[in-house]
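Per-entry structural report
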Amino acid sequence: MSSKSVSSHALCSVFLLSSWLPQTVPFRGSHWQTSVLAFRASLPVRAQPKKKKKVDVKREQAQKDRMKKKIKKLEKAAPEMIPIEDFITPLKYSGSNRVRSLAPLSFEETERRVLLLKKWCLFKQKQDKAEKKAIQSLVEAQQEALKELRLESEELYQAAIRRDEGLFPFERDGPNYTPPLPGYDPPEGKCVDITKVYTQ
Amino acid sequence: TATAPRPWRLFGAMCLLRLPRITQPLEKEEEDMMALMEQIELEKSHYSDHEIRKLEEEEQLRRRKESMYDDDEAPGKTVIMAQDLEDKWEQKLLQFEAAPRITDADKNNIRTSLDRRLDSNLMLLVKQKIGNQELWLLPQVEWQPGETLRSTAERAMATFLGDRIQAKILGNAPYGIYKYKFPRAIRTEGNVGAKVFFFKAFLQSSDLSQAELKEDYLWVTKDELGDYLKAEYLKKVNRFLLD
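Residues numbered from 1 in each chain as written. Chains lettered and ligands numbered in written order. Predicted model: local features only at pLDDT ≥ 70, side-chain atom pairs only at ≥ 80, totals over all residues. Heavy atoms only, no water.

This next bit is on the overall build of chain B. A tally of regular secondary structure across chain B gives six helices and eight strands. Relative to its full complement of 243 residues, chain B shows a buried share of 40%. If you take every contact in chain B between residues at least 6 apart in sequence, the share linking residues at least 24 apart comes to 71%. (Helix = DSSP H or I, 4+ residues; strand = E, 2+ residues; numbered from the N terminus. Buried < 20%, exposed > 50% of the residue type's maximum accessible area, 1.4 Å probe, protein only. Contact = heavy atoms within 4.5 Å.)

So, in structure tokens, the structure goes:
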């Protein structure tokens, strides 16, 4: 293709020169020819951009796949454990000057402690049994009431059996040591929370 | 069978409880155990920063007294000792006065006030006329067809304490039942006796100044119930009351 165009341009140029036209500018067949003599030097090579597109797309897809694989691997790996700060003693408390110096316990003291622990065990057992008995009697009374209600009317019984949605969540401020003081003005201050928050 | 006559009349009663506001006093074993636990905790602990500072300052003071140092040791330093800090804190604590645990109502045994016996449950008792007797009862009202028993109990509470009472009723089911037959004079075929169903609720608003109490009322604890309620009624009520 290129040789044909060159030969036609060459013929044109010869023809024009022989026709004695008042043009003295050296005639170039096409603007791609920098000089009349150089015919085949600087013709544009148009095939390259096509290759760039395909390879780019492929390369980009390959890159995306690699990234996705890396992300999947990271996600599959087990999450890092959050350290429980209460269980780790800070180093500044492990020095020897920190150890408390107390007299060793006497024999009577250890005996007293053991006997007290035994009494406490018995006390707690009795308390627990009493609580369970009270709960048992509560449940029995309720069962009896429901039985009587059923004998009375079925629809009232069904209404009583139904779950009370508004009951839970039930919140209550627990009892304090002293009742609230009327007209007490608590001291001013700001509490800054410095707990460390870990994300997994 | 809405029109069929019921042999038993139904009543809904409300047991309104004011929950305790202060902790109950400790038993002797609990106090001994508390002291022991504190002692063991002290023995197992290490010195804190404040205690180390206190020990060091005591050392310094002792050394200064023994060897009669001049005050060139600590030029111009106004030192606040740990002991001074402790004294200051102690003073501040002594200046604070907490509200008393045993209130005036306790001392004068005013049973109509809500401020008595802050460490136990208080329940409402109302004087009502049943038949031809005036009795102390948990507030009750007769059930009307078309409402659930829970709403009967709520109505009972509203009749005696007014509309604006805030109480959390614990569930739709009754907690107890008291069944009694009418005396032979009134008893008929269609009117044998009455069943009173008890419901429990926790009082949530702490001031009842807006409540209009028309009848005689009392706020009593579980052990004082025996002074007012009849034996059979008391037995049934005690079954569903936790101390």
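This paragraph deals with the side chain of B:Asn172. Along the chain, B:Asn172 turns up in the loop between strand E5 (167-169) and strand E6 (176-181). From its side chain, B:Asn172 meets the backbone oxygen of A:Arg162 in a polar contact 3.0 Å long. Separated by 3.0 Å, the side chains of B:Asn172 and B:Arg150 make a polar contact. If we ignore the near neighbours within four places in the chain, the residues touching B:Asn172 are A:Ala159, A:Ala160, A:Arg162, A:Arg163, A:Asp164, B:Arg150 and B:Phe199. (Polar contact = N/O pair within 3.5 Å; in protein donor to acceptor, adjacent residues only side chain to side chain.)

The subject of this paragraph is the interface of chain B and chain A. Each side of the interface is counted separately: chain B has 58 residues, and chain A has 49 residues. Contact between chain B and chain A buries roughly 4700 Å² in total, counting both sides, with carbon and sulfur atoms accounting for 60%. Counting every contact that joins chain B to chain A gives 10 salt bridges. Between B:Arg150 and A:Asp164 there is a salt bridge; the shortest N-O distance is 2.9 Å. Our enumeration of links across chain B and chain A arrives at 24 residue pairs in polar contact (both at pLDDT 80 or more). Of all the secondary structure elements, the ones that give two or more residues to the side of chain B that touches chain A are strand E1 (8-18), helix H1 (28-44), helix H2 (49-67), helix H5 (149-161), E5, E6, strand E7 (193-203) and helix H6 (231-239) of chain B. It is H1(B) that contributes the most residues to the side of chain B that touches chain A, nine residues altogether. Class assignment of the residues belonging to the side of chain B that touches chain A gives a composition of 29 nonpolar, 10 polar and 19 charged. (Buried area = accessible area lost by both parts, 1.4 Å probe. Salt bridge = Lys/Arg side-chain N within 4 Å of Asp/Glu carboxyl O. Nonpolar A, V, L, I, M, F, W, Y, C, P; charged D, E, K, R; others polar.)

Taking the UniProt record as the reference, the feature "coiled-coil region" (unreviewed entry) is found at residues 50-77 and 132-159 of chain A. Within the segment residues 132-159 of chain A, helix and strand shares are 96% and 0% respectively, and the terminal C-alpha atoms sit 29 Å apart. (UniProt positions renumbered as here; feature names shortened; annotations may be inferred.)

Moving on to helix H4 (residues 154-161) of chain A. Every α-helical turn comprises 3.6 residues, leaving residues that sit three or four positions apart pointing alike. Among the residues making up H4(A), those that are buried are A:Leu156, A:Tyr157, A:Ala159 and A:Ala160. Down the axis of H4(A), the smallest arc covering the buried residues is 160 degrees, so these residues share one side. Buried positions along H4(A) lie against helix H3 (107-152) of chain A together with E1 and H5 of chain B. The N-terminus of H4(A) is capped by A:Ser153, whose side-chain oxygen sits 3.1 Å from the backbone nitrogen of A:Leu156. (Arc of directions from axis to C-beta.)

Moving on, we come to a nonpolar patch on the surface. A surface patch of nonpolar side chains, amounting to about 350 Å² of accessible area, comprises A:Ile84, A:Phe87 and A:Ile88. Here A:Ile84 lies in the loop between helix H2 (48-76) and H3. (Patch = residues over 30% accessible without salt bridge, like charges linked within 9 Å, V, L, I, M, F, W, Y side chains within 5 Å. Areas by Shrake-Rupley, 256 points an atom, 1.4 Å probe, with all protein chains shown as cover.)

With that settled, consider the pattern of salt bridges. If you walk through the whole model with that rule in mind, you get 28 salt bridges over all chains. Residues B:Lys195 and A:Glu152 are paired through a salt bridge, measuring 3.1 Å at the closest nitrogen-oxygen approach. With B:Lys195 in strand E7 and A:Glu152 in helix H3, this pair bridges two chains. Pair check on accessibility: B:Lys195 and A:Glu152 agree, each one buried. We note a salt bridge from B:Glu154 to B:Arg150, for which the minimum N-O separation is 3.3 Å. On the criterion of helical spacing, the pair formed by B:Glu154 and B:Arg150 is a turn pair, its members being four residues apart in helix H5. We classify B:Arg150 as buried; its relative accessible area is 18%. One network of salt bridges, in which partners are shared, links B:Arg111, B:Arg116, B:Arg117, B:Asp119, B:Glu224 and B:Asp227.

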